[in-house]
Amino acid sequence: MVDTVDVILPTFNPNLTLLERAVDSILSQSFSDWTLYIVQDGGEPSLSDFIQRINDRRIVFHCLPHAGKAVALNFALRQGTGKYIAYLDDDDLWYPNHLEVALGPMKDEGVRFVHTDAYEIFVQKERERHLEISRNILHRGGLSDVLLWYVSHINTVHERILLEKAGYYDETRKVFIDWDMLLRLSRHAKPYHVQIVTCEHFIYVTEENKQTNTISKIHATDPDYSKRMHEEMFKRALELLSPDDFVRLVWELFSKTNQLADHAVSQKSIQGSSSTASAVQQFLKGRSFLKLCKQWLRKN
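Residues numbered from 1 in each chain as written. Predicted model: local features only at pLDDT ≥ 70, side-chain atom pairs only at ≥ 80, totals over all residues. Heavy atoms only, no water.

1. Some thoughts on the confidence of the model for the protein chain
Moving on, step 1. For the protein chain, mean pLDDT is 86; residues scoring 70 or higher make up 80% of the total.
Moving on, step 2. Note on residues 269-274: pLDDT is under 50 here. Beyond four places in sequence and across chains, it has 18 contacts. (pLDDT = per-residue confidence, 0-100. Contact = heavy atoms within 4.5 Å.)

This is the structure in C-alpha cells:
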C-alpha cells in the first residue's frame, strides 16, 4: 500500500465558486503527496472543463449517474491505493496545514484514526453574496471525543486498512452517513483528537433563514424522525465506551445540554438549530438514555 493520502470529494449540483475554493484548499496543502478523487454524483453542471482547467495530475475525476453521496464516496474509496484517507465536501475548505497536522501523530505515534478541530460557520445567502453570521469550533468535549458527535468527516483522517473491518459507507442511510462511518471505524481504532483548527465547515442559510443542508432540513420538517435517528446513533455510540470514557461523559453530559440550549437560543433565527438541540435534550433527559446507561453499567 502506497504511503500517501487519498482525498475523497463527492459533489452534486455544485456551486462552481465554492467547489473551486475547496479544490484550491487541497492544492495549497503543505503536505503534497496526495491524490484527489472528485466524484460527481450526477447533476449539473458538467465538471470536465473545470477539471481540465486545473490541470493537476494528482486529480482523478469520475462522473456517475445520480445515486447519492454514500455511493459516490464508496466509488472513490475503491479507486485509491493510498495508506491514508481524508475527506472534503464541495462547499467546505481545509487550511494549508490540515493534512500535515493530521498525519503528524499517525506517522510519529502510530495513531490510526485522527480528528482535528474545525470551525462551523453559518453563512447568510443574499443573492450572489455570502455573509458570515457566526463561527464556533465544531467540538463538544466528551460528546465529540467519546461519542464522535459533532465530528465531521472533513476533519478526520484514517488508515485505509480500517475499511477492511469497518466496511464502506452505508448506501441506504438518509442521514448521519458520516457519523455512522466514524462509529464503525472507532470499533477498530481509538479516535485521536488533535486540538488544532484545520478546516472550515459551512452551514448555508437562505434569505428566509432556513438552513440548506440535508440534515438541518430533516430536523426542521420531521422532528420525530430526527429524534429517532439521534437515539439510534447515541445508542450505538454509548455501546463503544470504556469505563473511563463513561465517567468523563457523565460529568460533561448535562452541562453540555445547557450549552446546547444556549446555542439554540443564540441561533433561534436560524430554523433547524433549535430542533437539533431539542432532539438531543429529549434523548439525554429521557428514559431511553437512563435505560441505556443502566445496561452499559451491567455489562461493564
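Don't stop here, the text continues.
2. A word on the nonpolar core
Moving on, step 1. Counting residues in each nonpolar core, the largest one holds 74 residues, and the members touching the most others are Val5, Leu36 and Leu147.
Moving on, step 2. Setting aside residues up to four positions removed in sequence, valine 5 forms contacts with Phe31, Asp33, Trp34, Thr35, Tyr84, Ala86, Leu99 and Leu103.
Moving on, step 3. Counting residues in hydrophobic clusters, the runner-up holds six residues, among them Leu18, Leu93, Val123 and Tyr204. (Core = buried A, V, L, I, M, F, W, Y, C linked by side-chain atoms within 4.5 Å. Buried < 20%, exposed > 50% of the residue type's maximum accessible area, 1.4 Å probe, protein only.)

3. Let's talk about helix H9 (residues 223-238)
Moving on, step 1. For H9, which comprises 16 residues, the first-to-last C-alpha distance of 22 Å matches the rise-based estimate of 22 Å (1.5 Å per residue) to within 8%.
Moving on, step 2. Taken together, the buried positions of H9 are Tyr225, Ser226, Met229, His230, Glu231, Met233, Phe234, Ala237 and Leu238. (Helix = DSSP H or I, 4+ residues; strand = E, 2+ residues; numbered from the N terminus. Expected span 1.5 Å × (residues − 1).)

4. Observations regarding the packing of aromatic side chains
Moving on, step 1. One pass over the full model with this rule turns up six aromatic pairs.
Moving on, step 2. Where tryptophan 149 meets tyrosine 150, the ring centres are 4.5 Å apart and the plane angle is 75°; that geometry is what we call edge-to-face.
Moving on, step 3. Considering the side-chain rings of phenylalanine 176 and tryptophan 179, the 5.2 Å spacing of their centres and the 90° angle between planes classify their relative orientation as edge-to-face.
Moving on, step 4. In this structure tryptophan 179 comes out as buried when scored by relative accessible area, which is 5%.
Moving on, step 5. Linked through ring pairs, Trp149, Tyr150, Phe176, Trp179 and Phe234 together constitute an aromatic cluster.
Moving on, step 6. Over the ring of tyrosine 225 we find lysine 174; its NZ or CZ atom is 4.7 Å from the centre of that ring. (Phe/Tyr/Trp six-rings, centres within 6.5 Å; stacked < 30°, edge-to-face > 60°. Lys NZ or Arg CZ within 6 Å of the ring centre and 35° of its normal.)

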